[in-house]
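Chain by chain, the residues:
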Amino acid sequence: MPTLTITLPPAYSEKAKEQAKREGFKSPALWLRFLVESRVSFEESPKLKPSRVISEMQKAGLYKANFLRELKKSLEYADKTYK
């Protein structure tokens, strides 16, 4: 199993110890492990067509047409090179 090392400043370390104890964990390391595992998702992103992404962004009305055109090209290129 890979190891992740997290270094906390002394003030945060004390807070982590207190929080872990309050939540019933045997050690701060177990509490932090629980936090990381519950909040980090390593699932693959859903595959969306560039045209769908662009159309949703157009609906928001926050982006210029030139930006969206270039973004679409970039997304298509990224999809092509990923395969």
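Provided above is the structure to which this section pertains.
Here goes a summary of the coordinates provided. (Residues numbered from 1 in each chain as written. Predicted model: local features only at pLDDT ≥ 70, side-chain atom pairs only at ≥ 80, totals over all residues. Heavy atoms only, no water.)

## Regarding the pattern of salt bridges
In step 1: As enumerated under the stated definition, the model contains five salt bridges in all.
In step 2: Where glutamate 14 meets lysine 17, a salt bridge forms, and the shortest distance between an N and an O atom there is 3.7 Å. Pair noted here: glutamate 14 and lysine 17 are both in helix α1 (residues 10-22), with a separation of three residues, about one helical turn.
In step 3: The partner of glutamate 37 in a salt bridge is arginine 33, with the nearest N and O atoms 3.0 Å apart. (Salt bridge = Lys/Arg side-chain N within 4 Å of Asp/Glu carboxyl O. Helix = DSSP H or I, 4+ residues; strand = E, 2+ residues; numbered from the N terminus.)

## Regarding the packing of aromatic side chains
In step 1: Per the counting criterion, the structure on display carries two aromatic pairs.
In step 2: Look at phenylalanine 25 and phenylalanine 34: their rings are 5.5 Å apart centre to centre, the planes differ by 40 degrees, and that puts the pair in the tilted class.
In step 3: Among the residues examined, phenylalanine 34 registers a relative accessible area of 42% and is labelled partly exposed. (Phe/Tyr/Trp six-rings, centres within 6.5 Å; stacked < 30°, edge-to-face > 60°. Buried < 20%, exposed > 50% of the residue type's maximum accessible area, 1.4 Å probe, protein only.)

## A closer look at the environment of tyrosine 82
In step 1: Residue position: tyrosine 82 is located in helix α4 (residues 65-82).
In step 2: Separated by 46 residues in sequence, tyrosine 82 and valine 36 place their C-alpha atoms 28 Å apart.

## Things to note about the environment of leucine 8
In step 1: Mapping leucine 8 onto the fold places it in the segment before α1.
In step 2: Exposure remark for leucine 8: the relative accessible area of 34% places this residue in the partly exposed category.
In step 3: Beyond its immediate sequence surroundings of up to four residues, leucine 8 is in contact with Ser13, Ala16 and Leu32. (Contact = heavy atoms within 4.5 Å.)

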